[in-house]
Every structure is written in C-alpha cells, then in structure tokens.
Amino acid sequence: DRSTGNNLLNSEQCDFIMNAKTAAVLIVLFLSVVQCLTETTTTITPSYHWIVVGAGCSGATVARKLLDYFPNDKVLLLERGIDNLDPVFTDETCSPEPHIFNTTRPVNCTYPAIIAPRRSVSPALGSHIYTSIPQPQLRNRSISFGAGNVTGGGTSINGMVAFRALREEFEEISSTPGLEEYNYHAFLPYYKKMENNQNSNPKVFWDRNGNSGRVPVTNHKVGSIFNEKAFLKASIANGIHPTDINTIQIGGLTKAQATITENGRRASSAINYLDSTARNNYRFTLKNISKVRRILFNSAGTAATGVEYRTGNQILSALATREVIISAGTVESPRILKSSGIGPSAELQSLGIPVIKNLPAVGTNYFEKPLTLANFRLTIPDNPKMNTSIVLSNSTFRQWKMYGTGYLAGWNNPWAVHGGSSDLDAEFHEQGPFPDTTGYNFTNWMRLICWNAHTKSRGSIKLNTTDIYGNPIIDVALLRDPSDADKLIECNYKFRKILTEAGIISGDILPPTPVWENTTAFREYVFSVVSATQHNCGTCKLGSNSSVAVIDGRHKVFGIKKLRIMDYSIFPYVLRVNPAITLYALSEKLADYIREDYQTSPPLGRVTLQFQCTPPVTAINDYSIWSVKNTYSKPYVYHWSSTTGVKGSFSVEAYSQSYFYTPVDSTQAVTLKINGVTISTKYATNATCPF
C-alpha cells in the first residue's frame, strides 16, 4: 500500500517481484505443456451417436447402414488391426513372389493378401493368431487359429466362399422362443438385399437371388480340371445328390460361389461397405490399431455410454449418445464384455472386476467345427501350364491385373457337400502346383476337406488372469467327446471312395495309403492332426433366457441398455456352411431392427399390403410372395405375421416397394404392423406373380 507509507516496497522491488511471478507462471505453463505431450491418457472425450467395435464382416456392414439410415448421426468404427488400404496390402506393382505356399514373403510384395483371390494373407499382416490351452484329447496339442486383424476382418483374408445357410439351420434357431423371426422365409429378403449375384438366371431365380446389393457373388473364374460328370455320377451312386444351396438352400452336393468382383479382386466388407462414399463422409470416423479394453457405463451401471480403447501408447475413451455395438468376434466380444464387468460373476470377482451384470453364458458355448485335410494326386497327366514357375510368372500376374482372369483370379471351382441325405460336410479343392517344399514334383492334385458341424463338444473363453485385456484363455474342446470324430472319419472314407470310383484320384499323399487301410490308425491320425475350421461361434449366443444366452432376438445384451452385439459369436449353433454371407444378411437385419427402434409411425394409409402371389412355374414354387408399398417420404421397418404361424420383418424405402415371403398356404392371411400398430391385413389369393 503505497498510500500509507507503512512497510512500503519501492517501485524497483515491486517490478522485480512482478517479473519473478511472470517467470514462474511461464515455467508452470511450460511444464503443463510437456505433461500434456507425454501423458498416456486424454482428458478430451469425443462424442458420437454410434460406436461400432470391430470393422470385420458385421462391423463394417452395420457401420455403413447406420450412416445411411441416420443421415445426421456420427459413427465411430474402431478396428484393432491395420487398414485394408494400407500400402502393405494394396501394392500391385511388384511381381508375384515365389512363396505362394509360405507365410514368409517380402513385405513390399504382398498385393495378393487382400486383392488377388488366389493368395492368402500372411498371419503377420492380416490375422491375429490365437492359441488354445493344451488339449489332452488331441495328444496334448494346442490349437492355433487366426482371426481377421484388418479392416474387413475375416472377409479380407478368408477363402471368399459364398454359401447361404441351409433352411434346416434357420428352423432350428427360430424354434427358440423369442427368435421366431430367424426362420428361413423371414431371412430370405436379407440374403437378396445384400447380394449382387452375377451368375443367377434372373428369369428363373429372380425371386431368390439379389442383383443390386453390395456383395458380389459369382462362380469361380478358374475352370475345373477334373471330370465333373464322372464325379457327379459317382456321388449320386453313393447317395450324394446335387443341389444349389445358394438358390433353394437345401443340402446336398453343390458348387461353391465366391465373393469376387467382376475384375477378379477380393470383395471384402471393407470394399463392399466402407467404400469412398463412406470413408469421405465427415460423419464417419474409422480408427485402426485401436483395441477396445472395456465398455463404459452410466453411474447406475444400467446403460452403455461409450468405450475405452488403446491406440499406440495411449488409453483413450469415446462416448456414444445412442448405442454401442460390439462386433469384435467370437474371442474378443466375450473378452470385452467380461473385462467390462458383464459375465459370470464368480469369474469376474475372482479377478477383482466389479460386476455390472451377471450373465453366466458369456464366454461359454464355444462352438467350433473340427476339420481334417486329405491330399490326393489326380489321375490326369501333369499339366505343364500348372507348373509353379509358369503359374507364378509375370505374365500370370499381368493377366490378373489387366483382365481380372487367370490363375490368380479365383480357386478351381471347388465343389462342396453340406447336409442333405448324407448328413456330411466336405469341400473339394483342386490346388494346382503342389508345394515344392514337400518333395513332390507333380502339378495336379486336390484336397478333401471334411468337417463336423454337429459336434457335442463345447469350449470356452475366459479372461487371462495376468492381463484381462490381453489374449484370453481359450479352450477349443475339439473332439473332447470322442464320438465327434465319427463323422470326420465317415466323411473321409466316403469321399475317397467316390473320388476313386469316378477315376479322379490315383493315389494318396496325406495321409499315406497304409494309414487309410487301418481304421484304428486312421482314427489316431484324425486325433493327431485335427484342426479348427476357424468358423467358431456361440460365446455371446442369441436366446430368450439370460441364464443360457447373452443377447435377445434384437441383439440387445440382457439387462444393459444401449448395448448390442453383432458377429458370429451370437449364433447358438455353428452353421454347416462358411458363415460370411449369412453374417452380411444378419447385419442388414440388425440395421433394420435399429432403424425400427428410432422410427415414428407413418400417416394412415401410406404403407399398405398390396397383393399376394405365387412364383411362376419356371421357379421353384415353395413359398408365397407378398408386396408392401410405401407412398410416404420416409422409410419404414414393418413386421408381418401369418396365420400359419410364421413371422418376420423387413424394410421398405420411401416411395418404393418391397417383398417378403411366407410358406404356401391358400387359407392363410397376413397382418402387417408398424410400431406395434396393425396397418393392414390381407388374405392369400395365390394368383401368379405379375413379374
């Protein structure tokens, strides 16, 4: 106080003190900046409307549908692995490397990993490899298997086999109370919706196959080199009858189709759904190398509010104002739930994890198909054109790159048997050049793949006791029930017999002939070499009872709001076929469920049941077709139910028409509802469809 003259400081002293304070403030600010730059956590929590965890087949599909269905919403898609657009996957400039059968390949020469169908990706690039605990029944072997670790997930690294699930499998799932809308008829529109079938005859199968969806489905571009007529004749003689699974969805012997583009490129979910339109949308954020650690909840622990994830050395979080959707796969989805406090309470408490919701089924019911491989030499002479040096030559590469054809554009028309009268599951692959590393010098050979989809054994996923965010403890339980090996053995012997009778194979490669001739030795061989099909499911299963299931029929986690799951972990039973196509369709179905939860009712009379009809005689007439018309400016998800006891749901876009399917019954009536309100009811007329 300079006015009083008491204990006064002169002006020089005051200036010194002020300068010292300024310096101190600057030092504190500098230290604060340094701390912010080196901190491993963030204080800024971005907010989105939707958070999708996992950019695989399901996650990429759901994320894109949310962008389309909610034009004002922001979507965050988190992926643990690398992006499929990373140069390590997209480089088409190098010549084909000589390691077609190895996983050791030059990093700068890996274009086939994602682009060319013929090649498979190196585990170090596109897969995360899991290893099970030792399995006593498998001679104490541990089973290793891969999971997609790249945008597109498994669809970026798999065999691209495109099979619809069999009707019988839908009926099995839809027999569970609360899952009635998972019947074959209710699912068919979603197969059509996601599909762009490039080979279906539109005049015959227009009512079964789609041609405007995002996922290309095509016949393999590399022709078969063995006698297919003889193969069919021998199969029929042994009770294996031909069918077309992708048309009528009835089991038997069929040719596989594939998810390959017209120019011979792999068509993954990252290509089909996360195209440039999605990636360039300012409302969409894709974060790669981002592993989710746990789900965040409100203070009451009753609703999901976001996620916590690691990217690099940072632990970040993000909030979701609408919902969190977990699509991390059969291993990671239950791991995320458990590390968040959702799962068996005893397991969580033993690890010191606060229990948010006791759901005993999380991580249980691990269902995997045991698989065996058998290699045979073909009877046809060695084909010089299939010589390794020619197949992997620059000219073959140029043919694929310029025209999308040739050896690199697909597999050699693999045949498959799924279900039907034989109740067996097998695939037949002509492999081309045999691996030089085996010591065999012939070029024409084939592989028989057998698996058992109806096993009694069940495994589990449990948290790692030393790192709850790391790789979990996996018990695959393959062949734990010894009777599960019976179908594998029957399959191998039956199709070896068929291939021999057809004059297709001339000798055994693996296992050698003496093993085939001793049934005891062959059974021991199966237990010694059996592996995983990598079609695992069941750890977050669908159901109506929280004591035995994790999610309900609309994919909502029991007891937790704003949290859903969509990946193969939700299937209560493993499908006989390769699952990708069904996952695409189910993801489209989930997107409709979500859209319905946020829709308002239409004005009276703007959405109507127009007519019912039956397909023309040129089609396989086993269902009725019903037409719904929307004359309003908004899309709607509607539910239908038939007096025959079948029900389902589908969507109709603004100012457009859609179709759904019911069993044929001349006495049935169908009721249409939107938001629980009856819109209209119509009786069957069974007139011939006017299109």
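Asks: Would you take a moment to explain the packing of aromatic side chains for this structure?
Replies: Each aromatic ring pair is specified by the distance between its two centres and by the angle formed by the two planes. Per the stated rule, a full pass over the model turns up 24 aromatic pairs. Aromatic side chains F376 and W516 sit 5.9 Å apart centroid to centroid with 35° between the ring planes, which places their arrangement in the tilted category. A residue pair is termed long-range when its members are at least 10 positions apart, and F376 in strand β16 (residues 370-378) and W516 in helix α17 (residues 513-516) qualify at 140 residues. Like W516, F376 is buried. Plain terms: the ring middles of W640 and F660 are 4.9 Å apart, the flat faces sit at 15° to each other, and that makes the pair stacked. Here the residue W640 occupies a position in strand β27 (residues 636-642), and F660 occupies one in strand β29 (residues 656-663), the gap between them amounting to 20 residues. On the basis of relative accessible area, W640 is assigned to the buried category, the value being 2%. Here the aromatic cluster, defined as three or more aromatic residues joined through ring pairs, consists of F376, Y493, W516, F522 and Y525. Over the ring of Y48 we find K74, and its NZ or CZ is 5.7 Å from the ring centre.

Asks: What am I meant to see in the pattern of salt bridges here?
Replies: Note on pairing: side chains with opposite charge can pair once their charged atoms come close. Evaluation of the coordinates by the stated rule reveals 31 salt bridges. The salt bridge partner of E195 is R164, with a shortest N-O separation of 3.1 Å. Placement of E195 in strand β6 (residues 195-197) and of R164 in the loop between β5 (161-162) and α5 (167-174) is noted, with a sequence separation of 31 residues between them. By relative accessible area, E195 is classed as buried at 2%. Note on R164: relative accessible area 1%, which makes it buried. Here R576 ties to E168 by a salt bridge, and the two come within 3.6 Å at their closest N and O atoms. Placement of R576 in the loop between β24 (563-565) and α19 (580-597) and of E168 in helix α5 is noted, with a sequence separation of 408 residues between them. Judged by its relative accessible area of 2%, R576 is buried. Looking at E168, the relative accessible area reads 40%, which means it is partly exposed. Here the residues in one salt-bridge network are E168, D423, D425, K487, E490 and R576, joined through shared partners.

Asks: I'm lost on the pairing of strand β13 (residues 314-326) in this one. Help?
Replies: Moving residue by residue along a regular strand, the side chains alternate between the two faces of the sheet. Inspection of the sheet shows strand β1 (residues 47-53) paired to β13 by 6 bridges, in the parallel sense. Its bridge partner being in β13, Y48 is matched across the sheet by A320. Of the strand pairs in this sheet, strand β12 (residues 304-311) and β13 are connected by 6 bridges, and their pairing is antiparallel. Bridge assignment links R310 to a residue of β13, and that residue is I315. Counting the residues in the hairpin turn of β12 and β13 gives 2 residues, including G312, whose phi is positive at 65°.

Asks: Hey, could you run me through the environment of Y525 in this one?
Replies: By the secondary structure assignment, Y525 is in helix α18 (residues 519-529). Given the relative accessible area of 14%, Y525 is considered buried. Along the primary structure Y525 and T372 are separated by 153 residues, whereas in three dimensions their C-alpha atoms are 9.5 Å apart. In contact with Y525, not counting residues within four places along its chain, are L373, L510, P511 and V515. Within the structure, the side chain of Y525 is placed 3.3 Å from the backbone oxygen of L373, a separation counted as a polar contact.

Asks: Mind showing me how you'd approach the sheet that holds strand β26 (residues 623-630) here?
Replies: The strands that make up a sheet pair up through hydrogen bonds in the backbone, lying either parallel or antiparallel. The 4 strands lie next to each other as β29-β26-β25-β32, forming an open sheet whose pairing is mixed. Each edge of the open sheet is held by one strand with a lone partner, namely β29 and β32 (687-688). Of the strand pairs in this sheet, strand β25 (residues 607-614) and β26 are connected by 6 bridges, and their pairing is antiparallel. The residue bridging Q612 from the neighbouring strand is W626, located in β26. Running over the sheet, helix α6 (residues 184-194) touches β26 and β29 and is turned about 145° from β29.

Asks: Hey, could you run me through the sheet that holds β6 in this one?
Replies: With mixed pairing, the 4 strands of this open sheet are ordered in space as β5-β9-β7-β6. On the outer flanks of this sheet lie β5 and β6, each paired with one strand and no other. In this sheet, strand β7 (residues 215-219) lies alongside β6 in parallel orientation, the contact comprising 3 bridges. Residue pairing across strands places E195 opposite V215, the latter belonging to β7. Sitting on the sheet, α6 touches β6 and β7, and the angle it makes with β6 is about 65°.

Asks: Is there a simple way to explain the confidence of the model for the protein chain in this structure?
Replies: The predicted coordinates should not be examined in detail at positions where pLDDT is low. Here the protein chain averages 84 in pLDDT, while 81% of its residues score no lower than 70. Low pLDDT, under 50, characterises residues 118-124; the stretch is placed with 27 contacts to residues that sit more than four places away or in other chains.

Asks: Sorry, what's going on with the packing of α6 against α19 here?
Replies: At a closest axis distance of 8 Å, the pairing of α6 and α19 adopts a crossing angle of 105°. As the angle between them shows, α6 and α19 are arranged roughly perpendicular. Within the contact between the two elements, α6 uses F187, Y190, Y191, K193 and M194 and α19 uses I581, T582, Y584, A585, L586, E588, K589 and D592. Considered class by class, the residues forming the contact of α6 with α19 number 8 nonpolar, 1 polar and 4 charged.

Asks: When you look at helix α2 (residues 57-69) in this model, what are you seeing that I'm missing?
Replies: Helical periodicity: at 3.6 residues per turn, an α-helix aligns residues three or four positions apart in one direction. Between its first and last C-alpha, α2 extends 18 Å over 13 residues, near the 18 Å set by a 1.5 Å rise per residue. The buried count for α2 comes to 12 of 13 residues, which makes it a mostly enclosed element. Those residues of α2 that sit buried are C57, S58, G59, A60, T61, V62, A63, R64, K65, L66, L67 and Y69.

Asks: Is there a simple way to explain the packing of α2 against α19 in this structure?
Replies: Relative placement of two packed helices is described by the angle separating their axes and the distance separating the axes. Closest axis-to-axis distance for the α2/α19 pair is 9 Å, and the angle between their directions is 35°. At the point where α2 passes α19, the crossing takes the right-handed sense. Residues C57, S58, T61, V62, K65, L66 and Y69 of α2 touch α19, and the partners they reach there are A580, L583, Y584, S587, E588, L590, A591, D592, I594 and R595. Classifying every residue of the contact of α2 with α19 by side-chain character gives 10 nonpolar, 3 polar and 4 charged.

Criteria and thresholds
- Residues numbered from 1 in each chain as written.
- Predicted model: local features only at pLDDT ≥ 70, side-chain atom pairs only at ≥ 80, totals over all residues.
- Heavy atoms only, no water.
- Phe/Tyr/Trp six-rings, centres within 6.5 Å; stacked < 30°, edge-to-face > 60°.
- Helix = DSSP H or I, 4+ residues; strand = E, 2+ residues; numbered from the N terminus.
- Buried < 20%, exposed > 50% of the residue type's maximum accessible area, 1.4 Å probe, protein only.
- Lys NZ or Arg CZ within 6 Å of the ring centre and 35° of its normal.
- Salt bridge = Lys/Arg side-chain N within 4 Å of Asp/Glu carboxyl O.
- Pairing = 2+ DSSP bridges.
- Contact = heavy atoms within 4.5 Å.
- Polar contact = N/O pair within 3.5 Å; in protein donor to acceptor, adjacent residues only side chain to side chain.
- Axes fitted to C-alpha atoms, helices over the stretch in contact; angles between N-to-C directions.
- pLDDT = per-residue confidence, 0-100.
- Parallel < 35°, antiparallel > 145°, perpendicular 65-115°, else oblique.
- Nonpolar A, V, L, I, M, F, W, Y, C, P; charged D, E, K, R; others polar.
- Expected span 1.5 Å × (residues − 1).
- Left-handed = near helix turned anticlockwise from the far one by under 90°.

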